[in-house]
There are 2 protein chains.
Amino acid sequence: MTIASFAVHALPPPRQAVLDARGALSAAVQGRVSTKELDRLAYARDLLPLATVWARQGRVPRPPDAVVWPSTDDDVARVIRLARELRFAVIPFGAGSGVCGGTIATTGGIALDLKRFDSIGPVDPQRRCVDVGAGVMGETLQRRLEARGWTLGHFPASIAMSTVGGWLATRSAGQLSARYGKIEDMVLSVSGVLGTGERFETPERPFTGPDFAQLVMGSEGTLCTFTSARLRVHPRPEARVFRAFDFSSVERGLDAVRRLFREGLRPAAVHLADPFASAFDAQQPGASKSSFLPGLAGALATRALSWPRLLNPLGRVVTKCRLTVMFEGDVKHAEAEDRGAAAACLSMGAVDLGEGPGRHWFRHRNDSNFRRAETGASFDTMEVSAPWERVLDVYQRVRAAAGSFAVVLCHFSHASADGCALDFTFLGSAVAIDAAEARSEHLWRTVLGAATSAGANVSHHHGIGLQKARAYQDSLGEGRHALATLKRLFDPDGIMNPGKLGL
Amino acid sequence: MTIASFAVHALPPPRQAVLDARGALSAAVQGRVSTKELDRLAYARDLLPLATVWARQGRVPRPPDAVVWPSTDDDVARVIRLARELRFAVIPFGAGSGVCGGTIATTGGIALDLKRFDSIGPVDPQRRCVDVGAGVMGETLQRRLEARGWTLGHFPASIAMSTVGGWLATRSAGQLSARYGKIEDMVLSVSGVLGTGERFETPERPFTGPDFAQLVMGSEGTLCTFTSARLRVHPRPEARVFRAFDFSSVERGLDAVRRLFREGLRPAAVHLADPFASAFDAQQPGASKSSFLPGLAGALATRALSWPRLLNPLGRVVTKCRLTVMFEGDVKHAEAEDRGAAAACLSMGAVDLGEGPGRHWFRHRNDSNFRRAETGASFDTMEVSAPWERVLDVYQRVRAAAGSFAVVLCHFSHASADGCALDFTFLGSAVAIDAAEARSEHLWRTVLGAATSAGANVSHHHGIGLQKARAYQDSLGEGRHALATLKRLFDPDGIMNPGKLGL
């Protein structure tokens, strides 16, 4: 079954069984239920790139039959118990910015919007933690913390359009994950409701005993829904020190990043762009004047994308890679670490570009999320991760696999001592809309297969959803039985977000 | 119910129900079953210090009714299914070196010895991992890996008498955990059998999706038994660089350790001894000639322990604290980090003692485990952990709480950027045997209460067992319901290692 099977041409009316249960649903959530077409349409989609193709075809993802807005854990428990009884699916919903189809209502059912769980508690300065509701928007939380002198350290590109609950559900990573970790590293405890209808609150980050939170995080709504979390916070950094370097090849850039971690440096952000991505980044509005290859990227983005076979080999000629490194913390340490990074990079043949490009990257790092849809060109993105010894092979095999039908850009980020994430962007020319979908599916099958056969993990922080469900299950090997056991135990009626993670 | 309730004066015969099931048990494990008194006695105890008191009273912990030695996952599954059917307890058993009573057969039942799961697979040099059976002894594994040029990096004090399965069950930490992490950080995947009788194998360390391994690790046999694990390995380090320092107080020593981590240094081992522990360590056979306070520790260990009220205040006079730091890896980096650590410590007023004391500590670090029982004096140990801001308070409150009836020694170790473990040793004079048990129970209640009220976690790496079951449950707060839910799901008949973790 392809993802496209979940797209429909006309919005079906809510199923009669759901309409019949409307009274009970309404009672469960103090009247905050809707079966209106507009609401169901709004909750039918996330930011799955393929859904923009569907939109141009007049299609939408299969919508939920109803939307509810619970306010308390008890509300949520009541909805789930009702859904168990009546065998409706329940799809926990944050802000809908996922890119893997993780909230598509594959079998209809009830979209459970958590946004009323919007409380942000006081920061406990001794314990350095804060209690927040699962529906709190990322940007709101970070601003509130900063105003009080703290930071969560979690800056996903989606921060303006994603919630704490969505982060927990997908094991989100932010742009400063090299220093602060992924969201699962920031969590002290989480609470919510299981697919059995039972409420849960996990023990605080245990040194001993089972770590229940690590089990439910990443479950993408298939085992439970989250309602709140206790998160670790840090003093707002006194300083941020940026530096960018040009390397003469991807290999050298990757070697340098690995070396920074081997030397024990703890950059907050490390971001290496491959040659095409470096050229493309330099074209972004507001890019620093030191940008190189001014003509190429504009062409890539808007005109010449019909000729990937011609453009991709340019990667052998255009070889400059831009590495951006940022340290934060107290001034003295950040500057000392910056000097250490500069010494390491220069000894490996890098050209030091100073702080300008890094500051620019940081200021504009999320802009492209809002602009990509405007270019007219087709695009898709895929992120995977790999241990250091496999990163280059994954990169090369994905480029080879996609090279005949898309121009391939790659950013290497979320680095650690073990490895890094690879964020690919595939730019293709605008094609007849009927061909676009087949091309997207072919692209995904081809490039994800190439990545995993080179030893990549199927995802790093975007999650699985429907998009990578099959690849994820394949990657589990015998472990799929453990997951199936869990699913059976925590969601005995199979009502929680059906189809995601391949469950 | 106190732990002592699980001690019996005479070995009861196996229950008739178990004898009746002997044929079925035997069939499940190809005849490897015993109900002999000697075997049942051998599996009745672990290294719970209180059990040495019982031994002197002619008492033993409640023994299992039978011991089985399965060889395959299917054997284990058959035993567990049979136990479910007949409502026998199943107690997974590694090498019996736990110190919390984690393998005491509180309700009799079947001791499930995993030692036949003794395979050590080839090291995958690309992926840097190895598959090992749960029954492999730590020392055997480490020697085998070193012979091939690798290391696991896991060196618990119990390495000569503990198994991989025991490490997984208790979330074990080794002496080099500051660099390599705890066992749960080294695990790529684990496999075993749940209390339902279902086999499981977890997905490899997932960036996305649930992390099932983190759930079952630390469960101390209450949810499942482990049969094998895939563990991360590292190239055997080229060099080890040692250095020791004397600080003028515990506060200064702790400040220095925290600072090393804040500066991004990654020591393999960090070990700070409080004044009494420093004096005691200096008395160990083979201690370097630079030892100070030569007379005190000998007295502590053998003669003067009847006067804790007199000795403990000496801690205000005897204030020198010994910090031992070790870096490992390639020579250049280890030496550079060592210089960084020296600069930081000297700037904080430390006296540099060079490499001798550190090398000595490393060589003799496990000796005392084999010698403590010979001193005649009573002793007990307790380890807890705390975030940095609470470490000093935990230390002081435990000393105050125990000070009237034991001489208190403390080692601070397993440090990270977040906090460290506190390993307390309580030395008391030999008392009438009938008073010893009451004193031990009083000590535990008092000191563990003092530690947790100051914000300590109940354990760092020794586990919970029976010893800390109540304190662990208290520490869970609302999280205890999550744990109870898990227990019900994974062990519906409550047969897995009853009583441990308070389950």
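Residues numbered from 1 in each chain as written. Chains lettered and ligands numbered in written order. Predicted model: local features only at pLDDT ≥ 70, side-chain atom pairs only at ≥ 80, totals over all residues. Heavy atoms only, no water.

Enquirer: It is not clear to me how the environment of B:G31 should be interpreted in this structure. Could you clarify?
Expert: Take B:G31: it is sitting in the loop between α2 (22-28) and β2 (33-34). Residues B:G31 and B:I495, spaced 464 residues apart in sequence, show a C-alpha to C-alpha distance of 22 Å. (Helix = DSSP H or I, 4+ residues; strand = E, 2+ residues; numbered from the N terminus.)

Enquirer: I tried to follow the environment of A:D131 on my own but got confused; where do I start?
Expert: Residues and elements named next belong to chain A. Checked against the element boundaries, D131 lands in strand β7 (residues 129-133). Residue class for D131 comes out partly exposed when judged on its relative accessible area of 35%. Placed 59 residues apart in sequence, D131 and V190 show a C-alpha to C-alpha distance of 9.4 Å. Residues within four places of D131 in sequence aside, it is in contact with S119, I120, G121, A229 and R230. A polar contact of 2.6 Å, which involves the side chain of D131, links it to the side chain of R230. (Buried < 20%, exposed > 50% of the residue type's maximum accessible area, 1.4 Å probe, protein only. Contact = heavy atoms within 4.5 Å. Polar contact = N/O pair within 3.5 Å; in protein donor to acceptor, adjacent residues only side chain to side chain.)

Enquirer: Mind showing me how you'd approach the relation of the copies chain A and chain B here?
Expert: The operation relating the pair of chain copies consists of a rotation about an axis and a translation along that axis. Mapping chain A onto chain B leaves a residual RMSD of 0.1 Å; the transformation is a rotation of 180 degrees accompanied by 0.1 Å of translation along its axis. Each copy turns onto its partner about a two-fold axis. Comparing interface residues between copies, 98% of those in chain A also sit at the interface in chain B, which points to an isologous, same-surface contact. (Least-squares fit on C-alpha atoms with pLDDT ≥ 70 in both.)

Enquirer: Help me understand helix α20 (residues 469-476) of chain A, please; the structure alone is not making it clear to me.
Expert: The α-helix winds at 3.6 residues per turn, so residues separated by three or four positions along the chain end up facing the same way. Residue and element names in this part refer to chain A. When α20 is considered as a whole, its buried residues turn out to be A469, A471, Y472, Q473 and L476. The secondary structure elements touched by the buried residues of α20 are α19 (433-453) and α21 (479-490). Where α20 terminates, the next one or two residues include G477, which has phi positive at roughly 55 degrees.

Enquirer: When you look at the sheet that holds strand β5 (residues 90-93) of chain A in this model, what are you seeing that I'm missing?
Expert: Remark on secondary structure: sheet strands pair via backbone hydrogen bonds, oriented parallel or antiparallel. Residues and elements named next belong to chain A. In spatial order, the strands read β2-β4-β6-β5; together these four strands make up an open sheet with mixed pairing. For this open sheet the edge positions go to β2 (33-34) and β5, each flanked by a neighbour on one side alone. Of the pairings in the sheet, the one linking β2 to strand β4 (residues 66-68) comprises two bridges and is antiparallel in character. By the bridge assignment, S34 is partnered in β4 with V67. Helix α5 (residues 73-86) rests against β4, β5 and β6 (110-113) of the sheet, and its axis sits at about 170 degrees to β6. (Pairing = 2+ DSSP bridges. Axes fitted to C-alpha atoms, helices over the stretch in contact; angles between N-to-C directions.)

Enquirer: Looking at this structure, how should I read the packing of α21(A) against helix α21 (residues 479-490) of chain B?
Expert: Helices that pack against each other are described as a pair by the angle of their axes relative to one another and the distance between those axes. One can describe the packing of α21(A) onto α21(B) by two numbers: an axis separation of 10 Å at closest approach and a directional angle of 115 degrees. Between α21(A) and α21(B), the angle is such that the two are roughly perpendicular. For the crossing formed where α21(A) meets α21(B), the hand is right-handed. On α21(B), the residues touching A:L486, A:L489 and A:F490 of α21(A) are B:L486, B:L489 and B:F490. Considered class by class, the residues forming the contact of α21(A) with α21(B) number six nonpolar, no polar and no charged. (Parallel < 35°, antiparallel > 145°, perpendicular 65-115°, else oblique. Left-handed = near helix turned anticlockwise from the far one by under 90°. Nonpolar A, V, L, I, M, F, W, Y, C, P; charged D, E, K, R; others polar.)

Enquirer: Even after reading the chapter, I still don't get the domain arrangement of chain A, so can you show me in this structure?
Expert: Interface size is commonly expressed as the accessible area that is lost once the parts come together. Residues and elements named next belong to chain A. Under the domain assignment used here, chain A contains domain 1 (3-116 + 491-502), domain 2 (129-235) and domain 3 (239-453). Taken together, the two surfaces of domain 1 and domain 3 that pack against each other cover about 740 Å², and 54% of this comes from carbon and sulfur. On the domain 1 side of the interface with domain 3, the three residues burying the most area are P49, L50 and R56, jointly 51% of the side's total. Across the contact surface, domain 1 and domain 3 share one salt bridge. In this structure, R59 and E437 form a salt bridge, with 2.7 Å as the shortest nitrogen-oxygen distance. (Domains from an automatic or database assignment. Buried area = accessible area lost by both parts, 1.4 Å probe. Salt bridge = Lys/Arg side-chain N within 4 Å of Asp/Glu carboxyl O.)

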